[in-house]
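Inside the fold
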Amino acid sequence: MNGDAICRACTPGKFKASAHNGACQPCGTGTYSEAAADACSNCPAGKFSATSEAVSQDTCTVCEAGKYSQAAAPACSECPEGKFSATLGATSIEYCTSCDPGTYSVTKAAISDATCIECSVGKFSDVPGATSASTCGVCSADAGYYCPWGSNTSKGRPCESGYRCSGDTEDRIECVTGTHASAGSSTCTVCVPGTFADKQAPSCTKCPEDTSVCDAIGLERPGVKEGFWRADAESRR
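This text gives an overview of the structure that appears in the document. Small disclaimer: the values here were computed from a predicted structure and weren't measured.

Cut-offs used in this document
- Residues numbered from 1 in each chain as written.
- Predicted model: local features only at pLDDT ≥ 70, side-chain atom pairs only at ≥ 80, totals over all residues.
- Heavy atoms only, no water.
- Patch = residues over 30% accessible without salt bridge, like charges linked within 9 Å, V, L, I, M, F, W, Y side chains within 5 Å.
- Areas by Shrake-Rupley, 256 points an atom, 1.4 Å probe, with all protein chains shown as cover.
- Salt bridge = Lys/Arg side-chain N within 4 Å of Asp/Glu carboxyl O.
- Lys, Arg positive; Asp, Glu negative; His and termini not counted.
- Charge placed at Lys NZ, Arg CZ, Asp CG, Glu CD.
- Helix = DSSP H or I, 4+ residues; strand = E, 2+ residues; numbered from the N terminus.
- Buried < 20%, exposed > 50% of the residue type's maximum accessible area, 1.4 Å probe, protein only.
- Polar contact = N/O pair within 3.5 Å; in protein donor to acceptor, adjacent residues only side chain to side chain.
- Contact = heavy atoms within 4.5 Å.
- Disulfide = S-S within 2.5 Å.

1. What about a negative patch on the surface?
A cluster of like negative charges, contributed by Asp142, Asp168, Glu170 and Asp171, occupies part of the molecular surface. Inspection of the secondary structure assignment puts Asp171 in the loop between strand S17 (163–164) and strand S18 (173–174).

Given below as C-alpha coordinates:
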(Lines give C-alpha, C1' and ligand atoms only; values in the text may rest on other atoms or scores of the structure.)
Protein backbone atom coordinates (compact mmCIF):
# COMPACT_ATOMS: atom_id res chain seq x y z
CA MET A 1 0.00 0.00 0.00
CA ASN A 2 1.23 3.47 -0.76
CA GLY A 3 -0.73 5.02 2.11
CA ASP A 4 -2.65 7.40 -0.12
CA ALA A 5 -6.20 8.08 1.11
CA ILE A 6 -9.05 7.08 -1.14
CA CYS A 7 -11.53 9.92 -1.71
CA ARG A 8 -15.14 8.88 -1.77
CA ALA A 9 -18.09 11.04 -2.79
CA CYS A 10 -20.62 12.03 -0.17
CA THR A 11 -23.84 10.14 -0.67
CA PRO A 12 -27.07 12.00 -1.56
CA GLY A 13 -28.53 13.82 1.42
CA LYS A 14 -25.07 14.67 2.81
CA PHE A 15 -22.36 17.21 2.06
CA LYS A 16 -18.76 18.11 2.84
CA ALA A 17 -17.66 21.72 2.55
CA SER A 18 -13.86 21.19 2.66
CA ALA A 19 -11.29 18.81 1.16
CA HIS A 20 -9.74 17.64 4.42
CA ASN A 21 -10.47 14.29 5.92
CA GLY A 22 -13.67 13.95 7.85
CA ALA A 23 -17.16 12.60 7.68
CA CYS A 24 -19.84 13.94 5.36
CA GLN A 25 -22.48 15.93 7.23
CA PRO A 26 -26.22 15.33 6.88
CA CYS A 27 -28.39 17.98 5.23
CA GLY A 28 -30.92 19.45 7.64
CA THR A 29 -34.67 19.91 7.19
CA GLY A 30 -35.62 22.40 4.50
CA THR A 31 -32.60 21.38 2.39
CA TYR A 32 -31.42 18.52 0.16
CA SER A 33 -28.38 17.38 -1.82
CA GLU A 34 -27.38 15.04 -4.59
CA ALA A 35 -24.18 12.95 -4.55
CA ALA A 36 -20.76 14.61 -4.02
CA ALA A 37 -22.28 17.86 -2.75
CA ASP A 38 -20.12 20.49 -1.05
CA ALA A 39 -23.27 22.23 0.27
CA CYS A 40 -26.93 21.51 0.73
CA SER A 41 -29.45 23.20 -1.56
CA ASN A 42 -32.39 25.07 -0.04
CA CYS A 43 -36.00 24.24 -0.74
CA PRO A 44 -37.29 27.33 -2.56
CA ALA A 45 -39.62 29.85 -0.94
CA GLY A 46 -43.21 28.64 -1.01
CA LYS A 47 -42.13 25.05 -0.25
CA PHE A 48 -40.92 23.14 2.80
CA SER A 49 -39.32 19.85 3.80
CA ALA A 50 -39.47 18.21 7.21
CA THR A 51 -37.09 15.48 6.03
CA SER A 52 -33.44 15.32 7.09
CA GLU A 53 -30.87 14.05 4.58
CA ALA A 54 -33.28 14.65 1.69
CA VAL A 55 -31.80 13.54 -1.63
CA SER A 56 -33.68 15.74 -4.13
CA GLN A 57 -35.92 18.76 -4.55
CA ASP A 58 -38.83 16.34 -4.91
CA THR A 59 -38.99 16.23 -1.11
CA CYS A 60 -39.81 19.97 -1.06
CA THR A 61 -43.60 20.21 -0.72
CA VAL A 62 -45.71 23.19 -1.81
CA CYS A 63 -47.28 25.16 1.06
CA GLU A 64 -51.05 24.84 1.27
CA ALA A 65 -53.43 27.77 0.94
CA GLY A 66 -53.49 29.74 4.18
CA LYS A 67 -49.76 29.22 4.67
CA TYR A 68 -46.43 30.55 3.32
CA SER A 69 -42.69 29.96 3.63
CA GLN A 70 -39.30 31.46 2.93
CA ALA A 71 -36.42 29.41 1.49
CA ALA A 72 -35.04 26.43 3.47
CA ALA A 73 -38.21 26.13 5.55
CA PRO A 74 -38.73 22.98 7.64
CA ALA A 75 -42.46 23.86 7.80
CA CYS A 76 -44.86 26.43 6.38
CA SER A 77 -45.95 29.36 8.54
CA GLU A 78 -49.67 29.97 9.02
CA CYS A 79 -51.43 33.19 8.04
CA PRO A 80 -52.25 34.77 11.41
CA GLU A 81 -55.70 35.49 12.79
CA GLY A 82 -57.42 38.32 10.94
CA LYS A 83 -55.95 37.27 7.60
CA PHE A 84 -56.48 34.65 4.88
CA SER A 85 -54.83 33.40 1.69
CA ALA A 86 -56.10 31.27 -1.19
CA THR A 87 -52.62 31.10 -2.76
CA LEU A 88 -50.76 27.79 -3.06
CA GLY A 89 -47.00 28.10 -2.59
CA ALA A 90 -47.11 31.59 -1.08
CA THR A 91 -43.62 32.93 -0.45
CA SER A 92 -44.28 35.54 2.25
CA ILE A 93 -46.84 36.86 4.71
CA GLU A 94 -47.65 39.54 2.12
CA TYR A 95 -49.86 36.94 0.44
CA CYS A 96 -52.05 36.84 3.57
CA THR A 97 -54.91 39.30 2.95
CA SER A 98 -56.46 41.20 5.85
CA CYS A 99 -60.16 40.81 6.64
CA ASP A 100 -62.09 43.94 5.65
CA PRO A 101 -62.96 46.64 8.20
CA GLY A 102 -66.28 45.72 9.79
CA THR A 103 -65.16 42.12 10.22
CA TYR A 104 -62.73 40.07 12.31
CA SER A 105 -61.32 36.53 12.30
CA VAL A 106 -60.07 34.22 15.04
CA THR A 107 -58.93 31.54 12.56
CA LYS A 108 -55.30 30.83 11.72
CA ALA A 109 -54.31 29.49 8.27
CA ALA A 110 -57.64 30.67 6.82
CA ILE A 111 -58.03 30.13 3.08
CA SER A 112 -60.86 32.59 2.31
CA ASP A 113 -62.77 35.58 3.67
CA ALA A 114 -65.53 33.18 4.73
CA THR A 115 -63.77 33.08 8.11
CA CYS A 116 -64.08 36.86 8.49
CA ILE A 117 -67.01 37.44 10.88
CA GLU A 118 -69.10 40.59 10.49
CA CYS A 119 -69.63 42.96 13.41
CA SER A 120 -73.24 42.61 14.55
CA VAL A 121 -76.02 45.13 13.97
CA GLY A 122 -75.42 48.36 15.90
CA LYS A 123 -71.65 47.86 15.99
CA PHE A 124 -68.75 48.77 13.70
CA SER A 125 -65.01 48.38 13.19
CA ASP A 126 -62.72 50.51 11.04
CA VAL A 127 -59.75 48.18 11.65
CA PRO A 128 -58.54 45.92 8.79
CA GLY A 129 -57.33 42.48 9.86
CA ALA A 130 -59.09 42.58 13.24
CA THR A 131 -58.68 39.47 15.38
CA SER A 132 -61.43 39.81 17.98
CA ALA A 133 -65.08 40.78 18.39
CA SER A 134 -63.88 43.31 20.95
CA THR A 135 -62.71 45.41 18.00
CA CYS A 136 -66.36 46.05 17.12
CA GLY A 137 -67.42 49.25 18.90
CA VAL A 138 -70.87 50.72 19.53
CA CYS A 139 -72.35 52.82 16.71
CA SER A 140 -73.57 56.38 17.16
CA ALA A 141 -75.68 56.73 14.02
CA ASP A 142 -77.83 59.82 13.46
CA ALA A 143 -81.58 59.58 12.91
CA GLY A 144 -82.22 58.23 9.42
CA TYR A 145 -79.06 56.09 9.57
CA TYR A 146 -78.24 52.63 10.96
CA CYS A 147 -75.32 50.24 11.33
CA PRO A 148 -76.07 46.91 9.59
CA TRP A 149 -73.96 43.77 9.90
CA GLY A 150 -70.35 44.46 8.91
CA SER A 151 -70.41 48.24 9.36
CA ASN A 152 -67.04 49.96 9.05
CA THR A 153 -68.06 53.38 10.37
CA SER A 154 -69.72 54.52 13.60
CA LYS A 155 -72.13 56.73 11.62
CA GLY A 156 -73.59 53.80 9.68
CA ARG A 157 -75.33 54.27 6.35
CA PRO A 158 -78.57 55.92 5.21
CA CYS A 159 -81.78 54.04 5.83
CA GLU A 160 -83.15 52.43 2.66
CA SER A 161 -86.50 53.53 1.26
CA GLY A 162 -89.41 51.63 2.76
CA TYR A 163 -87.71 51.52 6.17
CA ARG A 164 -87.33 53.84 9.16
CA CYS A 165 -84.14 54.23 11.18
CA SER A 166 -84.10 55.88 14.59
CA GLY A 167 -80.30 56.02 14.78
CA ASP A 168 -77.74 55.09 17.46
CA THR A 169 -77.49 51.29 17.66
CA GLU A 170 -81.00 50.45 16.40
CA ASP A 171 -81.57 48.29 13.32
CA ARG A 172 -83.79 49.47 10.45
CA ILE A 173 -87.53 48.70 10.74
CA GLU A 174 -89.74 48.12 7.71
CA CYS A 175 -92.71 50.38 7.09
CA VAL A 176 -96.01 48.56 7.50
CA THR A 177 -98.81 48.61 4.93
CA GLY A 178 -100.47 51.99 4.61
CA THR A 179 -97.23 53.85 5.35
CA HIS A 180 -94.13 54.84 3.39
CA ALA A 181 -90.63 56.27 3.79
CA SER A 182 -88.05 57.63 1.40
CA ALA A 183 -84.36 56.87 1.83
CA GLY A 184 -82.78 58.34 4.96
CA SER A 185 -86.06 58.55 6.91
CA SER A 186 -86.37 58.17 10.67
CA THR A 187 -90.15 57.62 10.58
CA CYS A 188 -92.74 56.01 8.31
CA THR A 189 -95.44 58.41 7.12
CA VAL A 190 -99.10 57.39 6.90
CA CYS A 191 -100.62 57.52 3.41
CA VAL A 192 -103.25 60.24 2.92
CA PRO A 193 -106.82 59.50 1.73
CA GLY A 194 -106.91 58.57 -1.95
CA THR A 195 -103.59 56.72 -1.75
CA PHE A 196 -102.35 53.35 -0.46
CA ALA A 197 -99.10 51.47 0.15
CA ASP A 198 -97.90 47.90 0.58
CA LYS A 199 -95.26 47.24 3.25
CA GLN A 200 -91.72 48.56 2.62
CA ALA A 201 -93.16 51.18 0.26
CA PRO A 202 -90.94 54.13 -0.77
CA SER A 203 -94.05 56.20 -1.49
CA CYS A 204 -97.85 56.01 -1.55
CA THR A 205 -99.69 55.09 -4.75
CA LYS A 206 -102.78 56.88 -5.99
CA CYS A 207 -105.85 54.65 -5.81
CA PRO A 208 -107.12 53.63 -9.28
CA GLU A 209 -110.67 54.47 -10.34
CA ASP A 210 -111.86 50.88 -9.94
CA THR A 211 -111.22 50.77 -6.18
CA SER A 212 -114.09 50.25 -3.78
CA VAL A 213 -112.91 52.27 -0.77
CA CYS A 214 -110.04 54.73 -0.77
CA ASP A 215 -111.11 57.61 1.44
CA ALA A 216 -109.27 56.68 4.64
CA ILE A 217 -105.71 57.26 5.82
CA GLY A 218 -103.14 54.46 6.05
CA LEU A 219 -104.73 52.18 3.46
CA GLU A 220 -103.14 48.99 2.17
CA ARG A 221 -103.99 47.85 -1.39
CA PRO A 222 -107.74 48.63 -1.81
CA GLY A 223 -110.29 46.20 -3.15
CA VAL A 224 -112.00 46.35 -6.54
CA LYS A 225 -115.24 48.28 -6.93
CA GLU A 226 -118.34 46.27 -7.84
CA GLY A 227 -118.67 45.91 -11.59
CA PHE A 228 -114.89 46.12 -12.16
CA TRP A 229 -112.22 43.46 -12.65
CA ARG A 230 -108.47 43.94 -12.15
CA ALA A 231 -105.99 41.78 -14.08
CA ASP A 232 -103.51 41.01 -11.29
CA ALA A 233 -102.87 38.10 -9.00
CA GLU A 234 -104.33 39.81 -5.95
CA SER A 235 -107.78 40.35 -7.48
CA ARG A 236 -108.13 36.80 -8.84
CA ARG A 237 -107.91 35.16 -5.43
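On we go from here.
2. So, the pattern of salt bridges
Scanning the model with the defined rule gives 3 salt bridges in all. Of the charged contacts, one joins Arg157 and Glu160 as a salt bridge, the two residues approaching to 3.4 Å between their closest N and O atoms. For Glu160, the salt bridge identified is with Arg172, shortest N-O distance 3.2 Å. Highlighted residues: Glu160 in the loop between strand S16 (157–158) and S17 and Arg172 in the loop between S17 and S18, separated in sequence by 12 residues. Accessibility expressed as a relative area gives 25% for Glu160, which makes it partly exposed. Within the structure, one salt-bridge network assembled from shared partners comprises Arg157, Glu160 and Arg172.

3. Comments concerning the side chain of Thr179
Tracing the backbone shows Thr179 in strand S19 (residues 179–180). A distance of 2.7 Å separates a polar atom in the side chain of Thr179 from the backbone oxygen of Val176. Other than its neighbours up to four places away in sequence, Thr179 contacts Cys188, Thr189, Val190, Cys191, Ala197, Asp198 and Ala201.

4. Here we look at the state of the cysteines
Here is the idea: a disulfide is a covalent bond, and it sits between the sulfur atoms of two cysteines. Within this structure, the stated rule accounts for 11 disulfides. Each sulfur in the disulfide pair Cys99 and Cys116 lies 2.0 Å from the other. Classification of the bridge connecting Cys99 and Cys116 rests on its S-S torsion, roughly -75°, and on that basis the disulfide is left-handed. Remark: Cys116 occurs in the loop between strand S11 (103–104) and strand S12 (117–118) and Cys99 occurs in the loop between strand S10 (97–98) and S11; sequence separation between them is 17 residues. Cys116 shares its class with Cys99; the two are buried. Disulfide pairing places Cys119 opposite Cys136 at an S-S distance of 2.0 Å.

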